[in-house]
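# A closer look at the structure
Listed below are the residues making up each chain.
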Amino acid sequence: MPHKARNYKEEYERYHSQPKQKKRRAQRNAARRLMIKKNGKAAVAGKDIDHKDRNTANNALSNLRIQSKKKNRGRNK
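Read on for a plain summary of the structure.

About the thresholds
Throughout, residues of each chain are indexed from 1 in the direction in which the sequence is written. Local features are withheld for residues below a pLDDT of 70 in this predicted model, meaning they are given only at 70 or higher, and side-chain atom pairs are given and counted only at 80 or more; totals for whole chains, interfaces and linings count all residues. Processing note: side-chain calculations cover all non-hydrogen atoms of the structure and skip hydrogens and water entirely. Helix and strand labels come from DSSP, where a helix needs a run of H or I of at least four residues and a strand needs a run of E of at least two; each type is numbered from the N terminus. Radius of gyration means the value over C-alpha atoms here, while the globule rule gives 2.2 Å times the residue count to the 0.38 power. For the exposure calls, accessible area comes from a 1.4 Å probe over protein chains only, and a residue counts as buried if that area is under 20% of its type's maximum, exposed if over 50%, partly exposed in between. We call two residues contacting when some pair of their heavy atoms lies within 4.5 Å. Convention adopted: a line fitted to C-alpha atoms gives each axis, helices being fitted over their contacting stretch, and angles between N-to-C directions are expressed from 0 to 180 degrees. Any angle from 65 to 115 degrees is called roughly perpendicular, while one under 35 is roughly parallel, one over 145 is roughly antiparallel, and all others are oblique. For this scheme, ten residues count as nonpolar: Ala, Val, Leu, Ile, Met, Phe, Trp, Tyr, Cys and Pro. Four count as charged, namely Asp, Glu, Lys and Arg, and the remainder, Gly too, count as polar. Throughout this description, the term salt bridge denotes a Lys or Arg side-chain nitrogen within 4 Å of a carboxyl oxygen of Asp or Glu. Whether two strands pair comes down to DSSP finding at least two bridges between them.

When helices and strands are tallied, the chain shows 4 helices and 2 strands. Here the chain has a C-alpha radius of gyration of 15 Å; the compact-globule value for 77 residues is 11 Å, and the former is much larger. Across its three principal directions, the C-alpha atoms of the chain cover 45 × 30 × 25 Å. Looking at the chain as a whole, 18% of its 77 residues are labelled buried.

Given below as structure tokens:
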């Protein structure tokens, strides 16, 4: 079965540009900045910042940890 190409512009307009998603993205970026400040840029390079409770609004240091992309994104399934 042929694979349909993604329309990234439409996807952005429909989902990623919504105020709720922009706020969640800003929270994830803030968590990353916080971990860079605490652990240094080298420690975070190439890694994901994991929210232990899966709540992106909870940026308490006790809720954040540095994980490999494979381990963090594999947990989402």
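Alright, that's what it looks like, and here's the rest.
Bringing the environment of Arg32 into the picture now. Tracing the chain through its elements places Arg32 in helix α2 (residues 19-39). Those residues in contact with Arg32, other than ones at most four positions away along the chain, are Val44, Gly46, Lys47, Asp48 and Ile49.

Further remarks concern the packing of helix α1 (residues 8-16) against α2. At a closest axis distance of 7 Å, the pairing of α1 and α2 adopts a crossing angle of 90 degrees. Of the possible angle classes, the one that applies to α1 and α2 is roughly perpendicular. Only Gln21, Lys22 and Arg25 of α2 make contact with α1, whose side of the interface consists of Tyr12, Tyr15 and His16. For the contact of α1 with α2, the residue count by class is 2 nonpolar, 2 polar and 2 charged.

Okay, the pattern of salt bridges next. Proximity of charged atoms lets side chains of opposite charge pair with each other. All told, the structure shown has 6 salt bridges when counted by the stated rule. With a closest N to O distance of 2.8 Å, Asp50 and Arg75 form a salt bridge. Of this pair, Asp50 sits in strand β1 (residues 47-51) while Arg75 sits in the segment after α4 (69-74), and the two are 25 residues apart along the sequence. Looking at Asp50, the relative accessible area reads 0%, which means it is buried. One network of salt bridges, in which partners are shared, links Asp50, Arg54, Arg65 and Arg75.

It is worth spelling out the pairing of β1 at this point. Taken across its 5 residues, β1 has 4 buried, putting it largely inside the fold. One ladder, built from 5 bridges, connects β1 with strand β2 (residues 64-68); its direction is antiparallel. Each residue of the ladder has a partner; that of His51, found in β2, is Leu64.

Notably, Arg54 is not glycine yet its phi reads approximately 65 degrees, a positive angle. The residue Arg54 is located in the loop between β1 and β2 in this model. What makes Arg54 partly exposed here is its relative accessible area of 38%.

The values are spatial; any link to function lies outside them.
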